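Coordinate analysis (summary)
Listed below, chain by chain, are the residues.
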Amino acid sequence: MDLVLPRARETGAIDDPATRQEIAKLICLYTGARLASDGAEAKRKAGTTEIIPAGSIGKLAASVIARQASHVHTMISGAEAMLSGPDSAADGIVAEVLVSVPAISIAGGTDEIQRNIISERVLGMPKGYRADQGPFRDIKRNA
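Throughout this document, residue positions are counted from 1 along each chain, in the order its sequence is written. Confidence filtering applies because this is a predicted model: local features only for residues at pLDDT of at least 70, side-chain atom pairs given and counted only at 80 or more, and all residues used for totals across whole chains, interfaces and linings. Think of the side-chain values as coming from all heavy atoms in the structure, minus any hydrogens and water.

Focus on the overall build of the chain
Let me state the cut-off plainly: Numbering of helices and strands runs from the N terminus, with a helix taken as a DSSP run of H or I at least four residues long and a strand as a DSSP run of E at least two residues long. Throughout, radius of gyration means the C-alpha value; the globule benchmark is 2.2 Å times the number of residues raised to the power 0.38. In what follows, a contact means two residues having at least one pair of non-hydrogen atoms within 4.5 Å. What sets the accessible areas is the Shrake-Rupley method with a 1.4 Å probe; for residues, cover comes only from the shown protein chains. Working convention for charge: Lys and Arg count positive, Asp and Glu count negative, and His plus the chain ends are omitted. All charge positions are set by atom: Lys at NZ, Arg at CZ, Asp at CG, Glu at CD.
The number of helices and strands found in the chain is 5 helices and 0 strands. Each helix and strand of the chain, ordered N terminal to C terminal, gives the series α-α-α-α-α. The C-alpha atoms of the chain give 20 Å as radius of gyration, which overshoots the globular expectation for 143 residues (15 Å, by more than 25%). Taking the intrachain contacts of the chain between residues at least 6 apart in sequence as the baseline, contacts between residues at least 24 apart amount to 61%. Carbon and sulfur atoms provide 59% of the accessible area of the chain, an area that totals close to 9,500 Å². Averaging the positions of the 17 positive and the 17 negative side-chain charges in the chain gives two centres separated by 11 Å.

Here is the structure:
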């Protein structure tokens, strides 16, 4: 996120309306996630007994923001975004960002798991089918 506006100005991509629109989308996603996180932190500090799904929502938001940042960096830098080393986009940092984005959707629980947690615990939707609910439910695990 921190590299987007400086890179857009440096490359002249800031003058492209489509790129500016995607940058604005990224900034809105990032700001919304930060405000939601700040609100959840304030509730925690106030000692609320309310369920605060900030962890799952924050994790899911981080994945969406990372994918949007990757998209924007690609629009700004073009094919140069894939190069690494000192002569590449932002000394190779952009390439590192692009390579690391898929890991954000997996680390700490996949996006699908986070969506399940939100749907079941926050929205109160019924749980999905679980394979361990049949005759194998009595098998001891992690013993």
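Having put the structure on the table, let's press on.
Remarks on the layout of surface pockets
Threshold: Put plainly, a pocket is an open set of points on a 1 Å grid over the protein atoms alone with protein on both sides within 12 Å along at least five of seven lines, a cavity is a set where a 1.4 Å probe fits but cannot get out, and a lining residue has an atom within 4 Å of a point. Grid points are joined across faces, edges and corners, and a volume is the space filled by probe spheres set on the points. Three categories are distinguished: nonpolar for Ala, Val, Leu, Ile, Met, Phe, Trp, Tyr, Cys and Pro, charged for Asp, Glu, Lys and Arg, and polar for the others, with Gly belonging to the last.
Of the pockets and cavities examined, the largest pocket occupies roughly 260 Å³. Taken together, 16 residues line the largest pocket, and the ones lying closest to its centre are Ala36, Ser37, Ala40, Ala54 and Ile57. Looking at the lining of the largest pocket, the elements that each hand over two or more residues are helix H2 (17-46) and helix H3 (54-77). A per-element tally of the lining of the largest pocket places H2 first, with 7 residues. Looking at the lining of the largest pocket residue by residue, the classes come out as 10 nonpolar, 3 polar and 3 charged. In this structure, the second largest pocket encloses a volume near 160 Å³.

Focus on the pattern of salt bridges
The cut-off we apply is this: When a carboxyl oxygen of Asp or Glu is within 4 Å of a side-chain nitrogen of Lys or Arg, the pair counts as a salt bridge. Three exposure classes are used, based on accessible area relative to the maximum for each residue type with a 1.4 Å probe and protein chains only: buried under 20%, partly exposed in between, and exposed over 50%.
Under the criterion given, the structure shown has 4 salt bridges. Note that Glu10 and Arg7 form a salt bridge whose closest N and O atoms lie 2.9 Å from each other. Linking Glu10 with Arg7, this pair stays in helix H1 (residues 4-11), spanning 3 residues, or about one helical turn. For Glu10, a relative accessible area of 59% puts it in the exposed group. With a relative accessible area of 4%, Arg7 lands in the buried category.

Section: the packing of H3 against helix H4 (residues 93-104)
As a reminder, the rule being used: Only C-alpha atoms enter the line fits that serve as axes; for helices the fit covers just the stretch in contact. Angles between N-to-C directions range over 0 to 180 degrees. By the definition adopted for this analysis, an angle is roughly parallel if under 35 degrees, roughly antiparallel if over 145, roughly perpendicular if from 65 to 115, and oblique otherwise. The handedness criterion is simple: a crossing whose near helix is rotated anticlockwise from the far helix by less than a right angle is left-handed, and one whose near helix is rotated clockwise is right-handed.
Contact geometry of H3 with H4 gives a least axis separation of 9 Å together with a crossing angle of 150°. In terms of their interaxial angle, H3 and H4 are classed as roughly antiparallel. Two packed elements cross with a definite hand, and for H3 against H4 that hand is left-handed. Within the contact between the two elements, H3 uses Lys59, Ala62, Ser63, Ala66, Arg67, Ser70, His73, Thr74 and Ser77 and H4 uses Val94, Val97, Leu98, Val101 and Ile104.

Some thoughts on a nonpolar patch on the surface
Selection criterion: Residues enter patches when they are more than 30% accessible in relative terms and free of salt bridges; like-charged ones are connected within 9 Å and nonpolar ones (Val, Leu, Ile, Met, Phe, Trp, Tyr) within 5 Å.
A contiguous nonpolar surface patch, about 220 Å² in accessible area, is contributed by Met1, Ile27 and Tyr30. When you line up the elements, Met1 lands in the segment before H1.

Function cannot be read off these values alone, since they describe shape.
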